[in-house]
Amino acid sequence: MTTKAIDGDIRDISLAAEGALRIEWAEREMPVVRQIRERFAREKPLNNLRITACLHVTSETANLALALRDGGADVVLCASNPLSTQDAVAAALATEGIVTYAINGEDNDTYYKHINSALDHKPHITLDDGADLVATLHSSRTELLDGMLAGCEETTTGVIRLKSLAESGKLKYPIIAVNDADTKHYFDNRYGTGQSTLDGITRATNVLWAGKNVVVCGYGWCGKGVALRAKGMGAHTIVTEVDPIRALEAAMDGHSVMTMAEASKIGDIFVTLTGGLKAIDRAHIEVMKTGAIVANSGHFNVEIDIDALEDLSDSKRSVRPFVEEYRMLDGRTISLLGEGRLINLAAAEGHPSAVMDMSFANQALVIEYLSQTGHTLGPQVYPVPKDIDIEVGRLKLESMGITIDSLTQEQEKYLASWEVGT
Ligand SMILES: NC(=O)c1ccc[n+]([C@@H]2O[C@H](COP(=O)([O-])OP(=O)(O)OC[C@H]3O[C@@H](n4cnc5c(N)ncnc54)[C@H](O)[C@@H]3O)[C@@H](O)[C@H]2O)c1
């Protein structure tokens, strides 16, 4: 253990008591992680492992970090987004002995300074949300690569970046794509992002959803959740897509589907969830109605062309926390929420704990698996082992008091055979 010299960097240690209450509150909705934490505390499967985690520093992440610590790991945490840190939670973690580098509102330089400080911990395992740790390790901190055992990645955008690194032959250690577990993206991306994105926009603006034209850019797992929840609030939902199958799915789920060029003329609220670049670009901003509200819930703040918004406006003012109103050169106003960063984490609290329970149960079990098998894996991006995925689903169902049927031997035989036809 080599962390004694590292002190961390948080806003205010006196917030620790408030943070501890938040962590405790989240834990009530995280029975699967709690169960894993109790087992880890008994069995200590992570003894002598150094873990650096770059995650949204929230009360749910705190529960994961504590489970890893109780499993015997030496855990250091830094933020995976400058606006998502809950300062009270960071303070509580610091008092729990988890060295934390995260301050809500930190600038870009501080963000990367924190990542580098967390890497000074010389991890065996990295835990990323968006792949900024891995990207830093593979660019400016290559001296640490030799000591790496393995890593895992939480989100779609991170997995895309890692696969690209692996395809170019430059990935130096094995990573498991936790995002791709069924018990992660079916629930976290869809129901978690669905609810919390509307929560973030509502908290920031207090807007009434009923009757509004809500444009959802990208109908992936996250977009489906946001569109579904917005529709449930009485909005007229419009989906823009580039994938014909997902567009078709949106149309058959009852949403209007059109190009962004069309949607931008009629939208009242825009939410981007594409994981890509400039889903809302200059031409779209040029034709938006006055009063339009624009937000992003995809991983990086590049989905809205903020430079074009700046360029097409002559002034801006902060009208409420997380609401920047731009006065356009032609007199219209357009409001950008949360600087275009993940609005559910910037203006609300991120995903509800109950859904993070599954995502982080996957993380904890995958880290345990990697601690045993990491040295046998080559430098590629791997899926979550199916038995871990199923175990997380089973434990979650059990915690919800739901029992399901199982196949009889006769049914299993039937399903495994080709002989029986009409
Ligand atoms: N806000 C959160 O808390 C949260 C949680 C999970 C994932 N994410 C992030 O949200 C983003 C989306 O994740 P996902 O799991 O839904 O990904 P996904 O790959 O399932 O879906 C993305 C969709 O966007 C579409 N798309 C791409 N470019 C487009 C464009 N220019 N216009 C319209 N559609 C376009 C794709 O065809 C795809 O259907 C990622 O960046 C992911 O990391 C955020």
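From a predicted model like this one, the values you see are computed outputs, not experimental measurements. (Residues numbered from 1 in each chain as written. Predicted model: local features only at pLDDT ≥ 70, side-chain atom pairs only at ≥ 80, totals over all residues. Heavy atoms only, no water.)

Student: What is the right way to look at the state of the cysteines in this model?
Tutor: Formally, a disulfide is one covalent bond, and it connects the sulfur atom of one cysteine to the sulfur atom of another. If you walk through the whole model with that rule in mind, you get zero disulfides. We note that Cys-217 lacks a disulfide partner, and the nearest cysteine sulfur, in Cys-222, lies 13 Å from it. When its relative accessible area of 1% is taken as the criterion, Cys-217 is described as buried. Residue Cys-222 is classed as buried on the basis of its relative accessible area of 18%. (Disulfide = S-S within 2.5 Å. Buried < 20%, exposed > 50% of the residue type's maximum accessible area, 1.4 Å probe, protein only.)

Student: Please explain the sheet that holds strand β11 (residues 292–296) as it appears in this structure.
Tutor: Think of a sheet as strands paired side by side through backbone hydrogen bonds, with each pair either parallel or antiparallel. The strand order across the open sheet built from eight strands is β9-β8-β7-β10-β11-β14-β13-β12, with neighbouring strands paired in mixed fashion. On the outer flanks of this sheet lie β9 (256–257) and β12 (313–320), each paired with one strand and no other. Taken together, the three bridges between β11 and strand β14 (residues 333–337) define a ladder with parallel strand orientation. Bridged to Ala-292 within β14 is Ile-334. (Pairing = 2+ DSSP bridges. Helix = DSSP H or I, 4+ residues; strand = E, 2+ residues; numbered from the N terminus.)

Student: Quick question: what am I supposed to make of the layout of surface pockets here?
Tutor: Unfilled space is identified by rolling a water-sized probe across the atoms. In this structure, the largest pocket occupies an estimated 820 Å³ of space. When contributions to the lining of the largest pocket are tallied by element, the ones reaching two or more residues are α3 (59–70), α7 (156–167), α8 (182–205), α9 (221–232), α14 (343–346) and α15 (353–373). In terms of residues, the lining of the largest pocket owes the most to one element, α8, which gives five residues. Across the lining of the largest pocket, the residue classes break down as 15 nonpolar, 22 polar and 10 charged. (1 Å grid on protein atoms, 1.4 Å probe; cavity = no way out; pocket = protein on both sides within 12 Å on 5 of 7 lines; lining within 4 Å. Points joined across faces, edges and corners; volume = space filled by probe spheres on them. Nonpolar A, V, L, I, M, F, W, Y, C, P; charged D, E, K, R; others polar.)

Student: Would you mind going over α8 with me for this structure?
Tutor: In an α-helix, one turn spans 3.6 residues, which is why side chains three or four residues apart end up on the same side. With 24 residues, α8 extends 33 Å between its outermost C-alpha atoms, agreeing within 8% with the 34 Å of an ideal straight helix rising 1.5 Å per residue. Of all the bends in α8, the largest measures some 35° and sits at Thr-193. Just past α8, the residue Asn-206 takes up positive phi, approximately 60°. (Expected span 1.5 Å × (residues − 1). Bend = angle between axes of the 7 residues up to and from the residue.)

Student: Would you take a moment to explain the site of the ligand for this structure?
Tutor: Close to the ligand lie 24 residues, the nearest being Thr-155, Thr-156, Thr-157, Glu-241 and Ser-297. Ser-297 places a polar main-chain atom, nitrogen or oxygen, 2.8 Å from a nitrogen atom of the ligand. Relative to its unbound accessible area of 860 Å², the ligand is 85% covered by the protein chains. Placement of the ligand is best described as lying within the largest pocket. For the shell around the ligand, the secondary-structure elements that each account for two or more residues are α7, α8, α9 and α14. (Near = heavy atom within 4 Å. Polar contact = N/O pair within 3.5 Å; in protein donor to acceptor, adjacent residues only side chain to side chain. Areas by Shrake-Rupley, 256 points an atom, 1.4 Å probe, with all protein chains shown as cover. Sits in = over half its atoms within 2 Å of the grid points.)

Student: Even after reading the chapter, I still don't get the pattern of salt bridges, so can you show me in this structure?
Tutor: Where charged atoms from two side chains of opposite charge approach closely, those side chains can pair. For the structure on display, the rule yields 28 salt bridges. Here Arg-11 ties to Asp-87 by a salt bridge, and the two come within 2.9 Å at their closest N and O atoms. One end of the pair, Arg-11, is in the segment before α1 (16–28); the other, Asp-87, is in helix α4 (residues 87–95), and 76 residues separate them in sequence. Judged by relative accessible area, Arg-11 falls into the partly exposed class, the value being 46%. With a relative accessible area of 13%, Asp-87 lands in the buried category. Where Glu-143 meets Arg-141, a salt bridge forms, and the shortest distance between an N and an O atom there is 3.0 Å. (Salt bridge = Lys/Arg side-chain N within 4 Å of Asp/Glu carboxyl O.)

Student: So what exactly am I meant to see when it comes to the environment of Ser-359 here?
Tutor: In this structure, Ser-359 sits in helix α15. When the C-alpha atoms of Ser-359 and Glu-154 are compared, they prove to be 7.8 Å apart, with 205 residues separating the residues in sequence. Other than its neighbours up to four places away in sequence, Ser-359 contacts Glu-154, Val-178, Thr-183, Lys-184 and Asp-188. One polar contact links Ser-359 to Asp-188, side chain to side chain, over a distance of 2.7 Å. (Contact = heavy atoms within 4.5 Å.)

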